[in-house]
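Survey of secondary and tertiary structure
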Amino acid sequence: MAATKKKPAAPGTSRTRLASLIKSARDTMRKDAGMNGDLDRLPQLSWLLFLKAFDERVEQEGEALDPDGYRRAIAAPYRWEDWATDPDLSGDELKTFVNEKLIPHLAGLVGDHADDPRNVISTIFRDVTNRMQSGTLLRDLVNIVNDIHFVSTDDIHTMAFVYESILKEMRDAAGDSGEFYTPRPVNRFMVQQSFLKLGESVLDPASGTGGFLVQAYEDLKDQVRTDSERKRLHANIRGIEKKPLPYLLGSMNLLLHGIDAPQVHRANALLEMRNSTAADRVDVVLTNPPFGGEEESSVVKAFPAGYQTQETAWLFLYSILDQLKRGGRCAIVLPNGSLFATGENSIGAKIKKKLMQDCNLHTVVRLPQGVFSPYTQIPSNILFFEKTGPTKEVWFYEVPLPDGRRSYTKTKPMQLEEFAGCVDWWGGEKREGREPSEYAWKVQAEEVTASGFNLDIANPHIGDDLAHRTPEELVDELIKTEMQILGLLKDLGAGLEEKR
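Note that the structure is predicted; figures quoted are calculated from it, not measured.

Things to note about the packing of helix H2 (residues 38-65) against helix H6 (residues 135-146)
Contact geometry for H2 and H6: axes closest at 10 Å, N-to-C directions at 45°. One way to sum up the angle between H2 and H6 is to call them oblique. Judged by the sense of rotation from one axis to the other, the crossing of H2 with H6 is right-handed. Contact with H2, carried on its side by Gln44, Leu45, Leu48, Leu49 and Lys52, involves Leu138, Leu141, Val142, Val145 and Asn146 of H6 and no other residues of that element. Classifying every residue of the contact of H2 with H6 by side-chain character gives 7 nonpolar, 2 polar and 1 charged.

What follows is the structure, encoded as structure tokens:
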């Protein structure tokens, strides 16, 4: 292995050059017998990019800022410059080093304190596997990654841009296996309408690839004036993610956007929140929890009797109500089925009752058809509420599709500008001057209570003339109804389980 030597500053990488390098990297991985698709290739590329970015962004910068006091998180011979830049380390020797020494070493790192980056590294590499079977192709891939640089702000912005395109392809690939992530315009709209302030703690308990956390950080970072404010902001951007791949991608995403030690915990968020204390409560929750999924019985049993359900969306909403500080606020994506659940024995209705008793559910934004296309066609909503006391009235705003469109699609997704009408109507941070319109209407809390906490309230300004509805709209309505029936059956099943 080559002797360690400090390299001169590397030249920057243009967006075109970076896109070309990423394409070369993916072409190289396609040749390897161990790689079967994007769900194999992108994690492989991501952990290598993470190590390169960590070396330049954290280790080299740390040494430059504090030459005598900085202690590297990764020691020789496992530093990037020790093995990745050695052209003679290739073939089986490289593969053996990576599989039997490098990854086990990184997975076994232990930090001295909670913010120690070694904790992030070990959590990431605990589930990392080198999927390439050819050590020669692995050397080619490492050489390509070595030509990517994260030295300047421009480099990082360039890589962040390209990385987002990688994440989008990752989301497309993951969609086939039933997972989907929040489109960026929805992330940005929710962050924008939450009116974040520097010093507030922000949590996404289903942080995935870090979309909400990155947007929250981007929204607040320009307000930072001192180093202590910067450190506090980094500590206040928090996430929880259960699955290893989104955890890796999310940590990399935050690192690229300037957070050197991402405060993302690898854990079951429902158990984390159930076991949290008052000191763990946060000012703001921004999230799109998994819905339609089911939790294992040990997680469900952590919830009080009467609120035990397999439906993850309900469990997340219940937990968030406890996780917020007094005066805290939340923006959460929920499917139509969650809004509809009603009835004395419905767990969903009980949780909505608790929501409206404990919090001011001030706004429900009804999203247009196909926002999460192609991953799901389930109609969705964003609930905005604050923990300031009981709800008195709920405003609904239906975001319309652009003229001539029947739905969003994979190739024609929703754009941030399409929230402009809602933003203009919103009335700023204090929600002043709201007026009913063809897209906005208000419902008193008493009416919601009398309906059994049904929040699936249609726009009263639009008639329900079946004769003029398109076949696509009718199919969407059938899907919505089926989802509502499925939710009711799940609640019924949970209720029967409790009575046994």
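Right, picking up where we left off after that structure.
Here we look at the pattern of salt bridges
Under the defined criterion, the tally for this structure stands at 24 salt bridges. Salt-bridge contacts for Arg118 lead to Asp112; the nearest nitrogen and oxygen are separated by 3.1 Å. Where Asp456 meets Arg366, a salt bridge forms, and the shortest distance between an N and an O atom there is 2.5 Å. With Asp456 in the loop between helix H18 (445-450) and helix H19 (471-499) and Arg366 in strand S6 (residues 360-366), this residue pair connects regions lying 90 residues apart in the sequence. Like Asp456, the residue Arg366 is buried in the burial classification.

A closer look at unusual backbone geometry
Cis rather than trans, the peptide bond between Ala76 and Pro77 has omega equal to 5°. Here Pro77 shows up in the loop between H2 and helix H3 (80-83). Positive phi, normally seen in glycine, also occurs at Phe195, with a value near 50°. Assignment of secondary structure puts Phe195 in the loop between helix H8 (184-192) and strand S1 (202-204). Positive phi is not limited to glycine here, since Phe453 has a value of about 70°. Here Phe453 lies in the loop between H18 and H19. The exposure class assigned to Phe453 is buried, which follows from its relative accessible area of 11%.

Points about helix H5 (residues 117-125)
For H5, a buried count of 8 out of 9 residues is recorded, marking the element as mostly surrounded by other parts of the structure. The set of residues buried in H5 consists of Pro117, Arg118, Val120, Ile121, Ser122, Thr123, Ile124 and Phe125. Lining the buried residues of H5 we find H2, helix H4 (91-107), helix H11 (244-256) and strand S3 (263-266).

Some points on the environment of Lys412
Looking at the element boundaries, Lys412 is found in the loop between strand S8 (393-398) and helix H17 (420-426). For Lys412, a relative accessible area of 51% translates into the label exposed. Sequence separation between Lys412 and Gly370 is 42 residues, and the spatial gap between their C-alpha atoms is 9.9 Å.

Quick notes on the rules
Residues numbered from 1 in each chain as written. Predicted model: local features only at pLDDT ≥ 70, side-chain atom pairs only at ≥ 80, totals over all residues. Heavy atoms only, no water. Axes fitted to C-alpha atoms, helices over the stretch in contact; angles between N-to-C directions. Helix = DSSP H or I, 4+ residues; strand = E, 2+ residues; numbered from the N terminus. Parallel < 35°, antiparallel > 145°, perpendicular 65-115°, else oblique. Left-handed = near helix turned anticlockwise from the far one by under 90°. Contact = heavy atoms within 4.5 Å. Nonpolar A, V, L, I, M, F, W, Y, C, P; charged D, E, K, R; others polar. Salt bridge = Lys/Arg side-chain N within 4 Å of Asp/Glu carboxyl O. Buried < 20%, exposed > 50% of the residue type's maximum accessible area, 1.4 Å probe, protein only.

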